[in-house]
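Residues per chain, in single letters:
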Amino acid sequence: MEMRADLLIVGAGMVGSALALALQNSGLEVLLLDGSPLSVKPFDEQAPFEPRVSALSAASQRILEHLGVWDGIVSRRSSPYTDMHVWDGSGTGQIHFSATSVHAEVLGHIVENRVVQDALLDRLHDCDLGLLANARLERMRRSGDDWLLTLADGRTLRAPLVIAADGANSAVRRLTGVATREWDYMHHAIVTSVRSSKPHQMTAWQRFTDNGPLAFLPLERDGQQDWCSIVWSTTPSEAERLMALDDEGFCKALERAFEGCLGTVLRVDPRLCVPLRQRHAKRYVAEGLALIGDAAHTIHPLAGQGVNLGFLDAAVLAEVLLQAAARGERLADVKVLSRYERRRMPHNLALMAAMEGLERLFQADPLPVRWLRNTGLKMVDQMPEAKALFVREALGLIGDLPALAKA
Ligand SMILES: Cc1cc2nc3c(=O)[nH]c(=O)nc-3n(C[C@H](O)[C@H](O)[C@H](O)COP(=O)(O)OP(=O)(O)OC[C@H]3O[C@@H](n4cnc5c(N)ncnc54)[C@H](O)[C@@H]3O)c2cc1C
């Protein structure tokens, strides 16, 4: 049996789900499909933290509030942070950012990806949106003015417009031949949660070590501030060595790498190791096709911006489609879809380039570069206006914002 829709979203991860919710009540027949079961687990407050977390910006918070998802996140578990402290492990340069510098209450929230995903799915299950679980896309081709998609179980779907929200290894991108520019960071990220002897003080900490950035992101449970999510980016061989250590050895290595900044590392949860690759699609759109989120771009986690960029993609694309529908335009028209690309690509590219530059700057070892970078950090730390600009950028409140990201 063949199913038809006006618009098919492939991938019900955080970004695809947000887009589907942004298009509810549009009058469009939207079908959201995912290869996974899309089930929501009852939330257990005492459960260990999930290893994958995201630092959600104020812009993402606003989008999720408008979509009716934010309450579902806060009622589960979220950890606000007010400050950020960054320093160079091979020098004395450091910089501190604070929410108070821009009269904001917080810089953002650290939220487990599972929590965001479950809150989104709760809303989706409440809405009148077509949701197809266990639907893995295997093939797709043009059929007249439509796309014809074939799932792993043989079902077929037809629509004039397909949105790829199927993540970094996007099947849609591969099957439609969208070219990417990609390069290996030669970094793996070890992610897990750790308990430390000193409280995190609602601060996101980032130390640039010789091998890559190490972040301690504050987590909160029962008002306690002794757990952090860590993202430790390092060379593949060092990551392999660290993954092979027992828990006690790993805690000691982590404490050393973090200069004991939060005291003793007392406990570590199971660790995950993720290879890091930067990827950017050369075009986000084609006739009847648009790419959003990690399907369009993946960025080094040092920025903590991946899903924030994805939520902005979803909000802008929804805005473009709703405006075009109101004008009676054909949504699959590449001219319509290009409006989304024009608004998002320059911003995403600029951020990716900035992160790439930062990553290289902190990897550089020659003495003059180290001196410059430490002096630069100290100088910027004394410049409140420059810091406030950076904070506003991190909050996601600068630039061409879609209505969903506005207060
Ligand atoms: C170590 C690490 C730390 C990070 N920290 C942060 C952070 O602090 N802040 C931040 O903003 N971002 C962070 N990110 C990035 C963030 O996790 C990603 O940007 C985000 O998960 C992308 O969401 P997405 O919905 O685009 O893709 P995904 O989450 O990958 O979702 C894709 C969905 O598509 C489905 N799918 C895939 N293939 C198919 C198929 N063939 N058929 C049907 N369905 C399919 C999958 O099941 C999945 O549900 C981090 C990333 C890493 C690696």
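Remember, it's a predicted structure, so these values are computed and weren't measured experimentally. Residue positions are given per chain, counting from 1 as you read along its sequence in written order. Only residues with pLDDT of 70 or above have their local features reported here, since the model is predicted, and side-chain atom pairs are shown and tallied only from 80 upward, although totals for entire chains, interfaces and linings are computed over all residues. The side-chain figures draw on all heavy atoms in the structure; neither hydrogens nor water molecules are used.

Enquirer: Looking at this structure, how should I read the overall build of the protein chain?
Expert: The helix and strand tally for the protein chain stands at 11 helices and 22 strands. Radius of gyration (C-alpha) of the protein chain: 22 Å, near the 22 Å computed for a compact globule of 407 residues. Summarising its shape, the C-alpha atoms of the protein chain cover approximately 60 × 40 × 40 Å along the three principal directions. In the protein chain, buried positions account for 53% of the 407 residues. The secondary structure listing takes helices from DSSP runs of H or I that are at least 4 residues long and strands from runs of E that are at least 2 residues long, numbered from the N terminus. Here the globule rule is a power law, 2.2 Å times the number of residues to the power 0.38, and the radius of gyration is based on C-alpha atoms. Accessibility here uses a 1.4 Å probe with only protein chains present; expressed as a share of the type maximum, an area under 20% marks a residue as buried, one over 50% as exposed, and anything in between as partly exposed.

Enquirer: Would you explain the site of the ligand in this entry?
Expert: In the neighbourhood of the ligand, 27 residues make up the surrounding shell, with D34, A55, L137, D294 and V307 lying closest. Between N or O atoms, a polar contact is any pair within 3.5 Å; within protein, one atom must be a potential hydrogen donor and the other a potential acceptor, and residues adjacent in sequence are included only when both atoms are from side chains. D34 is positioned with one of its side-chain polar atoms (N or O) 2.7 Å from an oxygen atom of the ligand. With respect to the ligand, the backbone of G306 contributes an N or O atom lying 3.2 Å from an oxygen atom. Accessible areas in this description were obtained via Shrake-Rupley with a 1.4 Å probe; residue shielding takes into account the shown protein chains only. Surface burial for the ligand is 84%, taken as the share of its 1000 Å² of free accessible area covered by protein chains. Listing elements by their share of the shell around the ligand, those giving two or more residues are helix 1 (14-22), strand 4 (53-56) and helix 8 (306-326). By convention in this text, a residue qualifies as near a molecule or strand provided that one of its non-hydrogen atoms is within 4 Å of it.

Enquirer: What am I meant to see in unusual backbone geometry here?
Expert: In this structure, Q201 is a non-glycine residue whose phi angle is positive, near 60 degrees. Tracing the backbone through its elements, the reader meets Q201 in the loop between strand 14 (180-196) and strand 15 (203-209). By relative accessible area, Q201 is classed as partly exposed at 47%.

Enquirer: Even after reading the chapter, I still don't get the domain arrangement of the protein chain, so can you show me in this structure?
Expert: Quite often, the size of an interface is put as the accessible area lost when its parts meet. Each assigned domain of the protein chain is listed here: domain 1 (2-39 + 52-179 + 282-405) and domain 2 (183-276). The interface of domain 1 with domain 2 comprises 24 residues on the first partner and 30 residues on the second. Put simply, buried area is the surface a 1.4 Å probe can reach on two separate parts but cannot reach once they are joined, added for both. Taken as a group, W87, H300 and L302 account for 23% of the area that domain 1 buries against domain 2, more than any other trio of residues on that side. The rule for a salt bridge is simple: a side-chain nitrogen of Lys or Arg has to be within 4 Å of a carboxyl oxygen of Asp or Glu. At the surface where domain 1 touches domain 2, the tally comes to 0 salt bridges. At the boundary of domain 1 and domain 2, one finds 10 residue pairs in polar contact (both at pLDDT 80 or more). When residues of the side of domain 1 that touches domain 2 are traced back to their parent elements, those giving at least two are strand 5 (79-81), strand 6 (83-88) and helix 9 (334-363). Of the residues forming the side of domain 1 that touches domain 2, the biggest block, 6 residues, is contributed by strand 6. For this scheme, ten residues count as nonpolar: Ala, Val, Leu, Ile, Met, Phe, Trp, Tyr, Cys and Pro. Four count as charged, namely Asp, Glu, Lys and Arg, and the remainder, Gly too, count as polar. Taken together, the residues that form the side of domain 1 that touches domain 2 break down as 11 nonpolar, 7 polar and 6 charged. Domain boundaries shown here were taken from an automatic or database domain assignment. Only heavy atoms matter for contacts: two residues are in contact if any of them lie within 4.5 Å across the pair.

Enquirer: What is the right way to read helix 2 (residues 58-66) from this model?
Expert: An α-helical turn contains 3.6 residues, so any two residues separated by three or four positions project in the same direction. When helix 2 is considered as a whole, its buried residues turn out to be A58, A59, S60, Q61, I63 and L64. Contacts from the buried residues of helix 2 go to strand 4, helix 3 (70-74), strand 8 (108-112), helix 4 (113-126), helix 8 and helix 11 (384-395). Directly beyond the C-terminal end of helix 2, a positive phi value near 75 degrees is found at G68.

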